[in-house]
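Chain residues, written in single-letter form:
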Amino acid sequence: MGIEPLMVASTLNVVLAQRLGRRLCSNCKTDLAKDEYPDKAQLLHMGFKPEDLEGLNLKKAVGCSLCSNGYKGRFALVECLEMNDRLRKIIIGGGTDIEIRKVALETGMISLRRAGLLNVMRGITTLEEVVRNTVGDETEKPEKLTKKSESEAEAEEPETAAP
Ligand SMILES: [Zn+2]
């Protein structure tokens with residue numbers, strides 16, 4: 001964007017990103033059958049932590065007369081990056097967006113993906129909805145949940161770039 005890295009590092013305090021996800025209808029949502037769960041490696045790759053998997057209870061969208069395809073209303077996913085010394089250092093050093101994101105995650109940033117997974121664990125929405133709406137924190141390869149969510153993810157608008 002043509003802004004000096006030093007300027008960004010010294011004046012920026014917080015960066016917020018927000019996205020809306022569809023909320024499961026509380027009237028018809030149901031537990032996802034355990035044999036429909038992605039396997040452990042997939043779940044970890046999607047951003048779950050090993051300790052999240054113990055007692056993980058995934059929900060499924062069904063659909064009823066009160067909702068649209070099992071979803072009713074929306075909820076906000078918020079990612080908050082707070083400036084810190086490690087980030088300043090890497091920005092001033094001309095770090096790439098991938099390097100900056102890595103350090104941000106290491107220093108406690110809750111990513112959009114992670115915020116989504118927390119809502120999945122609370123039964124607010126489905127895993128499909130979060131995978132469809134957010135980018136994984138690991139940058140190498142996109143996860144494959146189902147054929148459907150994969151093609152939908154491709155049609156998705158490009159991720160808004162960090163400034
Ligand atoms: Zn419903």
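As the structure is a prediction and not an experimental result, all values here were calculated from the model.

Basis of the calculations
- Residues numbered from 1 in each chain as written.
- Predicted model: local features only at pLDDT ≥ 70, side-chain atom pairs only at ≥ 80, totals over all residues.
- Buried ≥ 20, exposed ≤ 12 C-beta atoms within 10 Å, placed from the backbone.
- Helix = DSSP H or I, 4+ residues; strand = E, 2+ residues; numbered from the N terminus.
- Contact = placed C-beta atoms within 7 Å.
- Core = buried A, V, L, I, M, F, W, Y, C linked by C-beta atoms within 7 Å.
- pLDDT = per-residue confidence, 0-100.

A. Spotlight on helix α6 (residues 112–121). Of all ten residues in α6, seven are buried, a share of seventy percent or more. Within the span of α6, buried status applies to L112, R113, A115, G116, L117, N119 and V120. Elements that come into contact with the buried residues of α6 comprise β1 (14–24), β4 (71–82) and α7 (127–133).

B. Examining the environment of R122 more closely. On the secondary structure map, R122 appears in the loop between α6 and α7. Between the C-alpha atom of R122 and that of N57, which follows or precedes it by 65 residues, the distance is 8.4 Å.

C. Just the nonpolar core, in detail. Counting seven residues, the largest nonpolar core is built from L43, M46, L117, V120, L127, V130 and V131. Every element with two or more residues in this core is listed here: α2 (40–46), α6 and α7. Per-element tally for this core: the top contributor is α7, with three residues. With residues near it in sequence (within four places) discarded, V120 still touches L58, T125, T126, L127 and V130.

D. Structural view of the confidence of the model for the protein chain. When pLDDT is averaged across the protein chain, the result is 85; 83% of the residues are at 70 or more. Per-element mean pLDDT across the protein chain ranges from 44 in helix α8 (residues 147–155) up to 98 in strand β2 (residues 30–31). Low pLDDT, under 50, characterises residues 140–158; the stretch is placed with 17 contacts to residues that sit more than four places away or in other chains.

E. Representation of the environment of N133. Among the structural elements, N133 can be located in helix α7. With residues up to four places along the chain from it excluded, the contact list for N133 reads R19, G21 and G116.

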